[in-house]
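Residue-level structural notes
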Amino acid sequence: MTARYLLDIEVQPSQRMQLGRPALLTYDEAAATAAAGESWAVIDGQRVVAAYGLVETYPGRQAVAWAFFAENLSKVHLALSRHARARIAASSLRRIEAVALADQSARTLEQALARPTAAMRWAMMVGLQPHCLLREYGGAGETMVFFERIAP
């Protein structure tokens, strides 16, 4: 993947804000994201419909999983989810983590898991396990679920 793919994706409305700030990247931020670990883009015709990857926060040891999706990616969703799951499972990194927006009325992890958002369902689909609820998280003070995968 290249920085250009991250800049070209028209992110679905639910992802246009990330942790309380617009999900717009500069070229330098996109280039750094693409180079900071494993990353992939999915192209459907001439359109970038998904970009996802692992940014190594502690190289060789730990990473944050991330994903941006365009609208109307249903025909490639299963294939890209399987790919992401396989890459996470095969990763030599000891720890992979992510946060996903939760239902804002959730007050416990159990409540959030009873009403999972699309972001939460995708995190679980790719092999990450819900660990805890993060209330008032990020710049917008949203309720999020922290996910992790610890290698055996």
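This structure is a prediction, so every number in the text was calculated from the model and none was measured.

Before going further, it helps to spend a moment on the pattern of salt bridges. This model, assessed by the stated rule, comprises six salt bridges. The salt bridge involving Arg-95 is made with Glu-97; its shortest N-O contact spans 2.7 Å. Exposure remark for Glu-97: the relative accessible area of 16% places this residue in the buried category. Where salt bridges share partners, they join Arg-95, Glu-97 and Glu-148 into one cluster.

Turning our eyes to something else, we now look at the pairing of strand S5 (residues 62–69). The element S5 is extensively covered by neighbouring structure, given that seven of its eight residues are classed as buried. For strand S4 (residues 47–58) and S5, the ladder comprises eight bridges, and the chain directions are antiparallel. Opposite Gly-53, over in S5, you have Trp-66 as the bridge partner. As paired elements, S5 and strand S6 (residues 95–101) share three bridges and run parallel to each other.

For the rest of this paragraph, the subject is the side chain of Glu-97. Structurally, the position occupied by Glu-97 is in strand S6. Engagement of the side chain of Glu-97 in a polar contact is seen with the side chain of Arg-95, the distance being 2.7 Å. Other than its neighbours up to four places away in sequence, Glu-97 contacts Gln-62, Ala-63, Val-64, Ala-65, Phe-146, Phe-147 and Glu-148.

As for its placement among the helices and strands, Trp-40 is situated in strand S3 (residues 37–44). With residues near it in sequence (within four places) discarded, Trp-40 still touches Met-1, Ala-50, Ala-51, Tyr-52, Gly-53, His-83 and Arg-87.

Our focus in this paragraph is the sheet that holds strand S8 (residues 142–150). Taken in spatial order, the six strands of this open sheet run S3-S4-S5-S6-S8-S7, and their pairing is mixed. What marks the edges here is a single partner per strand, and that holds for S3 and strand S7 (129–137). On average, each strand axis in the sheet is inclined to that of its neighbour by 20°, with strand direction left out of account. Looking at chain direction, S7 and S8 are connected through six bridges and run antiparallel. Within S8, the residue paired with Pro-130 across the bridge is Phe-147.

Buried within helix H2 (residues 27–35) are the following residues: Ala-30, Thr-33 and Ala-34. Buried residues of H2, viewed axially, fall in a sector of 95°; they line one side. Set apart from the buried face of H2 by more than 90 degrees, the exposed residues are Asp-28 and Ala-35. The inward-facing, buried residues of H2 abut helix H1 (3–8), S3, S4 and S5.

General note: in soluble globular proteins, nonpolar side chains tend to be found buried as a group. Judged by nonpolar contacts, the single largest core of 41 residues is most densely connected at Tyr-52, Leu-80, Trp-122, Leu-128 and Val-145. Non-local contacts of Val-145, meaning those with residues more than four positions away in its chain, are made with Ala-98, Val-99, Ala-100, Ala-102, Leu-109, Ala-112, Met-120, Pro-130, Cys-132 and Leu-133.

Where burial is concerned, most of S8 is hidden: seven out of the nine residues are buried. One ladder, built from seven bridges, connects S6 with S8; its direction is antiparallel. Following the sheet pairing, Leu-101 is matched in S8 by Met-144. Linking two consecutive strands that pair antiparallel, namely S7 and S8, is a turn of four residues; a positive phi of about 80° is found at Gly-138 within it.

Rules and cut-offs
Residues numbered from 1 in each chain as written. Predicted model: local features only at pLDDT ≥ 70, side-chain atom pairs only at ≥ 80, totals over all residues. Heavy atoms only, no water. Salt bridge = Lys/Arg side-chain N within 4 Å of Asp/Glu carboxyl O. Buried < 20%, exposed > 50% of the residue type's maximum accessible area, 1.4 Å probe, protein only. Helix = DSSP H or I, 4+ residues; strand = E, 2+ residues; numbered from the N terminus. Pairing = 2+ DSSP bridges. Polar contact = N/O pair within 3.5 Å; in protein donor to acceptor, adjacent residues only side chain to side chain. Contact = heavy atoms within 4.5 Å. Axes fitted to C-alpha atoms, helices over the stretch in contact; angles between N-to-C directions. Arc of directions from axis to C-beta. Core = buried A, V, L, I, M, F, W, Y, C linked by side-chain atoms within 4.5 Å.

Keep in mind that these numbers describe shape and distance, not what the molecule does.
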